[in-house]
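Spelled out, the chains give:
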Amino acid sequence: MKAKPWQIALIVIGLAVGIGSAAWTMLGGDRVELANVILMVDVESGEIYEVNLNRTRITNPALHPSTGKLQLVRLDKDDDGTLFVNSRDMQLLQYLDKDVTNKAVDPKSGELLIAPGKPLRYPGNK
């Protein structure tokens, strides 16, 4: 069976659109910058840990580097630089180890109850 001219034109146009779309996706447009460093708070002591995600795999909530207990929760920063635990991560407080007492995070607002100090490096960061 012989292809008709309009079928050949349709295939050529489809290939051109596909190749152009692939090139635009790979070469053009804005790049999405993913965070490679996150901050986590120890809910008992209020210590802040800086975790480099390029060097360390971590869960949320995370294990404390010294005690090995689940007691670190991820922090967010608002426009004026204030640290807080967002509402989604607040729900994770129920998964902390049973003997961990939350003294650093307001369970209703997510605000820090203990003034944050300079972030400590989480082990595994280099």
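Summarised in this report is the structure supplied together with it. (Residues numbered from 1 in each chain as written. Predicted model: local features only at pLDDT ≥ 70, side-chain atom pairs only at ≥ 80, totals over all residues. Heavy atoms only, no water.)

1. What to know about helix α1 (residues 5–27)
Counted only if it meets this: In DSSP terms, a helix is any run of H or I states spanning at least four residues, a strand is any run of E spanning at least two, and both are numbered starting from the N terminus. Expected span, for any helix, means 1.5 Å times one less than how many residues it has. Using a 1.4 Å probe on the protein chains alone, a residue whose accessible area is under 20% of its type maximum counts as buried, one over 50% counts as exposed, and one in between counts as partly exposed.
With 23 residues, α1 ought to run about 33 Å at 1.5 Å a step, and its terminal C-alpha atoms sit 33 Å apart, in line with that. Counting buried positions over the 23 residues of α1 gives zero, only a small fraction of the element.

2. Brief notes about the pairing of strand β4 (residues 70–77)
What counts here: Between any two strands, pairing holds if DSSP finds at least two bridges.
Where strand β1 (residues 37–42) meets β4, four bridges bridge the pair, whose relative direction is antiparallel. Among the inter-strand pairings, Met40 is bridged to a residue of β4, identified as Arg74. Of the pairings in the sheet, the one linking strand β3 (residues 62–63) to β4 comprises two bridges and is antiparallel in character. Bridged to Leu63 within β4 is Leu70. Following β3, the chain reverses through six residues before pairing antiparallel with β4; Gly68 in that reversal takes a positive phi of roughly 75°. Across two bridges, the pairing between β4 and strand β5 (residues 83–84) is antiparallel. Across the sheet, residue Lys77 finds its bridge partner in β5, namely Leu83. Turn length for the β4-β5 hairpin, with the two strands adjacent in sequence and antiparallel, is five residues, and the turn residue Gly81 shows positive phi of about 90°.

3. A look at unusual backbone geometry
For the bond running from Asn60 to Pro61, omega is 5°, close enough to zero to count as cis. Mapped onto the elements of the fold, Pro61 is located in the loop between β2 (48–52) and β3.

4. Description of a nonpolar patch on the surface
Put simply, the rule reads: Like-charged residues are merged into a patch within 9 Å and nonpolar side chains (Val, Leu, Ile, Met, Phe, Trp, Tyr) within 5 Å, provided each residue has over 30% relative accessible area and no salt bridge. In these tables, accessible area is a Shrake-Rupley quantity obtained with a 1.4 Å probe, and a residue counts as shielded only by the protein chains included in the view. Should a side-chain nitrogen of Lys or Arg be within 4 Å of a carboxyl oxygen of Asp or Glu, the pair is scored as a salt bridge.
Together, Ile11, Leu15 and Ile19 make up an exposed nonpolar region whose accessible area comes to about 330 Å². Considering the arrangement of structural elements, one finds Leu15 in helix α1. Residue classification places Leu15 among the exposed positions, given a relative accessible area of 53%.

Honestly, it's all geometry; don't read function into it.
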